[in-house]
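A closer look at the structure
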Amino acid sequence: MGRIPKRLIWTLKLALGIALLVVLVSRSDTGTLLGRLGAVDLRWLAAMFVIPHLGMLISAWKWQILLRSQGRVVSIGRLFALYMIGTFFNNFLPSMVGGDVVRAWQLGREQGDNAAIAAATFMERFTGLVALVLMLPLALLQPQVVGKYPLLVVPVAVVVAGLAGTLWLLFSGVRFRVPGLARMPALVQRGVGFLGRTREHIRAFRGHRVALLACFVISVAFYLGAALTVWLASRAVALELGFGFLVCVMPVVLFIGLIPVSVNGLGILESGYLLMLGTSGITSAEALSIALLIRARILFTAVLGGLQFLAYRHKVDPSVGAAGGSGVMEGPTARRT
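Residues numbered from 1 in each chain as written. Predicted model: local features only at pLDDT ≥ 70, side-chain atom pairs only at ≥ 80, totals over all residues. Heavy atoms only, no water.

What to know about the overall build of the chain
Looking only at helices and strands, the chain has 13 helices and 0 strands in total. Its helices and strands in sequence order give the chain the pattern α-α-α-α-α-α-α-α-α-α-α-α-α, from N to C terminus. Taken over 337 residues, the chain has a buried fraction of 48%. Working note: accessible area of the chain is about 15600 Å², and carbon and sulfur atoms make up 70% of it. (Helix = DSSP H or I, 4+ residues; strand = E, 2+ residues; numbered from the N terminus. Buried < 20%, exposed > 50% of the residue type's maximum accessible area, 1.4 Å probe, protein only. Areas by Shrake-Rupley, 256 points an atom, 1.4 Å probe, with all protein chains shown as cover.)

Some points on unusual backbone geometry
The phi dihedral of A238 is positive, around 60°, even though this residue is not glycine. Relative to the helices and strands, A238 resides in the loop between α10 (209–236) and α11 (243–257). A positive phi angle, near 50°, is found at N264, a position not held by glycine. Within the secondary structure, N264 sits in the loop between α11 and α12 (268–277).

Let's talk about the packing of helix α2 (residues 30–38) against helix α13 (residues 284–311)
Orientation of α2 relative to α13, taken along the N-to-C sense of each, is 45°, at an axis distance of 8 Å. Of the possible angle classes, the one that applies to α2 and α13 is oblique. Handedness of the crossing formed by α2 with α13: right-handed. Residues T32, L33, R36 and L37 of α2 pack against A285, E286, L288, S289, L292 and L293 of α13. Taken together, the residues of the contact of α2 with α13 break down into 6 nonpolar, 2 polar and 2 charged. (Axes fitted to C-alpha atoms, helices over the stretch in contact; angles between N-to-C directions. Parallel < 35°, antiparallel > 145°, perpendicular 65-115°, else oblique. Left-handed = near helix turned anticlockwise from the far one by under 90°. Contact = heavy atoms within 4.5 Å. Nonpolar A, V, L, I, M, F, W, Y, C, P; charged D, E, K, R; others polar.)

Focus: the packing of aromatic side chains
Within this structure, the stated rule accounts for 8 aromatic pairs. Between F88 and F89 the ring centres are 6.0 Å apart and the planes differ by 85°, which places this aromatic pair in the edge-to-face class. Judged by its relative accessible area of 14%, F88 is buried. A centroid spacing of 5.4 Å and a plane angle of 90° characterise the contact between F89 and F309, whose relative ring orientation is edge-to-face. Of this pair, F89 sits in helix α4 (residues 76–92) while F309 sits in helix α13, placing them 220 residues apart in sequence. Comparing F89 with F309, the two get one shared label, buried. Pairwise contacts between aromatic rings join F88, F89 and F309 into one cluster. The positively charged end of R103 is found above the aromatic ring belonging to W63, 4.4 Å away from the centroid. Just above the ring of Y83 sits the side chain of R103; from NZ or CZ to the centre is 4.1 Å. (Phe/Tyr/Trp six-rings, centres within 6.5 Å; stacked < 30°, edge-to-face > 60°. Lys NZ or Arg CZ within 6 Å of the ring centre and 35° of its normal.)

Remarks on the packing of helix α3 (residues 42–69) against α4
Viewed as axis vectors pointing N to C, α3 and α4 meet at an angle of 120°, and their least axial separation amounts to 9 Å. Overall, the two elements α3 and α4 adopt an arrangement that is oblique. For the pair α3 and α4, the sense of crossing is right-handed. Facing H53, M56, L57, S59, A60, W61, W63, Q64 and L67 of α3, the residues of α4 in contact are I76, L79, F80, L82, Y83, M84 and T87. Here the contact of α3 with α4 is composed, by residue class, of 12 nonpolar, 4 polar and no charged.

What follows is the structure, given as structure tokens:
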């Protein structure tokens with residue numbers, strides 16, 4: 001049986017995301033939903049569109065810090081442009097190649113060391129994931145969340161334990177061997193070799209603790225900005241959600257959005273908003289109005305990324321869009337707010 005075409009997989013994921021959105025809308029009070037969206041305060045909305053791009057800028061700064069620890073100097077403007085291009089690939093191109101792969105691939109071609117750049121790009125995302133996971137227990141401080149989801153502590157504990165295991169696998173001195181590698185096709189051998197070199201570059205970051213600490217602090221600031229974005233969206237539709245409450249629940253929402261079953265968390269992220277914002281007492285239609293504003297902002301950023309892609313098309317290898325592979329910590333992640 002042949003492999004399933006990647007474009008078909010992307011199409012199925014897109015269809016699933018659209019179907020989930022249709023279900024969410026159909027189960028909400030459409031009158032309330034349309035009323036909230038029809039009366040959006042454009043002042044709050046404009047602020048909501050600005051904050052996430054500042055978040056992307058500080059994420060590019062974090063990437064720059066990690067590259068500098070490798071002795072590489074890349075302008076913040078170039079890194080931000082690559083970040084924006086990555087959002088375009090995440091949302092619009094049926095390539096099954098994550099935006100992180102695109103930006104790491106291109107920067108690796110420019111710098112001449114794909115494994116080292118892949119390691120820095122991975123660590124930029126991974127430090128964000130570490131911050132996100134360590135902030136998950138904050139949701140357990142909200143009585144209304146625990147009251148509605150008393151078993152939430154179980155998945156939170158499992159995820160934190162999984163993070164601890166991942167840290168050990170990445171940074172321990174244990175070497176992993178693939179049995180029978182010498183008898184495998186040359187392409188597989190090169191791929192395994194690339195992963196091995198990338199892991200060695202990742203392990204080298206153990207000697208740059210100040211840089212890693214700075215990246216962790218920046219990641220926390222990023223997620224505070226994510227909470228601020230949702231607070232601004234709630235104000236735009238005349239709802240009042242506490243900023244402290246959003247700081248506590250947004251890590252859970254964003255982690256739900258990382259479930260890779262649709263295109264860039266389409267439908268999944270919105271479900272997360274309904275699950276968690278609903279604990280504040282607002283209706284599903286009101287929570288969905290906030291989620292849809294956030295999705296509009298995500299698509300807006302992706303369009304800007306497409307314009308960046310056109311501006312840099314003579315520098316970005318177009319074959320990347322047709323290549324196989326998957327994203328490295330592809331991002332809702334975590335960057336979907």
